[in-house]
Amino acid sequence: MSDLEPVLRTLPAFPDELPPLDPTQLPDDPEELFRDWLGAAIDSGERQPHAMTFITVRPDGVPVGRTLIVKDIDDDGFHFSTHRSSRKGAELDAHPLASMLFFWRESGRQVRVTGSVVALDEAVSQRDWADRPSYTGSPNPDWQRYALVPSEYEFMQAQHDRKHPRIEYRRDGAGAWSHDRVTTPAG
């Protein structure tokens, strides 16, 4: 055991009060539950509730994560932006699948959104570039706004007993959503 392990074990994990996740009271559409949880994080004053870990896959198959912000959620999917020539742009070009992992510590909530990634049109990308706080010049032709089109969601609500309920939604071939509670094998 290192000197760090005892320190890490004593750190507080979550606030005393945690909201429930009732698996019997779930909406049919996972975006509705996501928007409810995001709205609750915004309303509570959570810092950067739109921040998420964005995971792509390198050409050698190794997953890579970094923190981004979601810029919009609409019929196209979950929007984010990057340079097409960046590492993540190249990874998306080679393998247009990704996951977004949102974590709201103060409510003990986590959501993973996984799906395919599509490039949005040039006008949307250039408007996004112009709206950036650091915008200082002519449009950047390399800037790309993308949308992750969800095929899976996983919602996790922390509990102090560590029996965190997890619900996974999956989209079938016809576009309909189904959901099940994720169970962990007894060990």
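Residues numbered from 1 in each chain as written. Predicted model: local features only at pLDDT ≥ 70, side-chain atom pairs only at ≥ 80, totals over all residues. Heavy atoms only, no water.

## A few points about the pattern of salt bridges
Following the criterion strictly, the structure yields 13 salt bridges and no others. The salt bridge involving Arg166 is made with Glu154; its shortest N-O contact spans 3.3 Å. Note that Arg166 is positioned in strand β8 (residues 166-171) and Glu154 in strand β7 (residues 143-157), a separation of 12 residues in sequence. Residue classification places Glu154 among the buried residues on the basis of a relative accessible area of 14%. The partner of Arg170 in a salt bridge is Glu168, and the shortest N-O contact between them spans 3.1 Å. Among the residues examined, Glu168 registers a relative accessible area of 17% and is labelled buried. In the salt-bridge network here, residues are joined through shared partners; they are Arg112, Glu152, Glu154, Arg166, Glu168 and Arg170. (Salt bridge = Lys/Arg side-chain N within 4 Å of Asp/Glu carboxyl O. Helix = DSSP H or I, 4+ residues; strand = E, 2+ residues; numbered from the N terminus. Buried < 20%, exposed > 50% of the residue type's maximum accessible area, 1.4 Å probe, protein only.)

## Concerning a nonpolar patch on the surface
A surface patch of nonpolar side chains, about 380 Å² in accessible area, is lined by Leu4, Val7, Leu8 and Leu11. Following the sequence through the fold, Val7 ends up in helix α1 (residues 4-10). Residue class for Val7 comes out partly exposed when judged on its relative accessible area of 44%. (Patch = residues over 30% accessible without salt bridge, like charges linked within 9 Å, V, L, I, M, F, W, Y side chains within 5 Å. Areas by Shrake-Rupley, 256 points an atom, 1.4 Å probe, with all protein chains shown as cover.)

## Some words on the packing of aromatic side chains
Enumeration over the complete set of coordinates arrives at 13 aromatic pairs. Judged by centre distance (4.9 Å) and plane angle (70 degrees), the rings of Phe34 and Phe102 are edge-to-face. Of the two residues, Phe34 sits in helix α2 (residues 30-43) while Phe102 sits in strand β5 (residues 97-104), which places them 68 residues apart along the sequence. On the basis of relative accessibility, which here comes to 0%, the residue Phe34 falls in the buried class. The exposure class of Phe102 is buried, given its relative accessible area of 0%. Relative to Phe155, the ring of Tyr153 lies with its centre 5.8 Å away and its plane at 5 degrees, an arrangement referred to as stacked. As far as the burial class goes, Tyr153 and Phe155 line up, both buried. An aromatic cluster is built from Phe34, Trp37, Phe78, Phe102, Trp104, Tyr153, Phe155, Tyr169 and Trp177, whose rings are joined through pairwise contacts. (Phe/Tyr/Trp six-rings, centres within 6.5 Å; stacked < 30°, edge-to-face > 60°.)

## So, the environment of Gly115
As for its placement among the helices and strands, Gly115 is situated in strand β6 (residues 109-119). For the pair formed by Gly115 and Trp129, sequence separation is 14 residues and the distance between their alpha carbons is 24 Å. When sequence neighbours within four positions are dropped, the list of residues in contact with Gly115 reads Pro96, Leu97, Ala98, Leu148, Val149, Pro150 and Ser151. (Contact = heavy atoms within 4.5 Å.)

## Focus: the nonpolar core
Counting residues in each nonpolar core, the largest one holds 29 residues, and the members touching the most others are Phe34, Phe78 and Phe80. Top element by residues in this core is α2. It accounts for five residues. When neighbours within four sequence positions are excluded, Phe34 is seen to be in contact with Ile73, Phe78, Phe102, Trp104, Val111, Tyr153 and Phe155. (Core = buried A, V, L, I, M, F, W, Y, C linked by side-chain atoms within 4.5 Å.)

## Things to note about the pairing of β7
Across the 15 residues that make up β7, a large majority, 13, are buried. Where strand β4 (residues 77-83) lies against β7, six bridges are found, and the strand directions are antiparallel. Opposite Phe78, over in β7, you have Leu148 as the bridge partner. Relative to β7, β6 runs antiparallel, the two sharing 11 bridges. Each bridged residue has a counterpart across the sheet, and for Val111 the counterpart in β7 is Phe155. One ladder, built from five bridges, connects β7 with β8; its direction is antiparallel. By the bridge assignment, Met156 is partnered in β8 with Arg166. (Pairing = 2+ DSSP bridges.)

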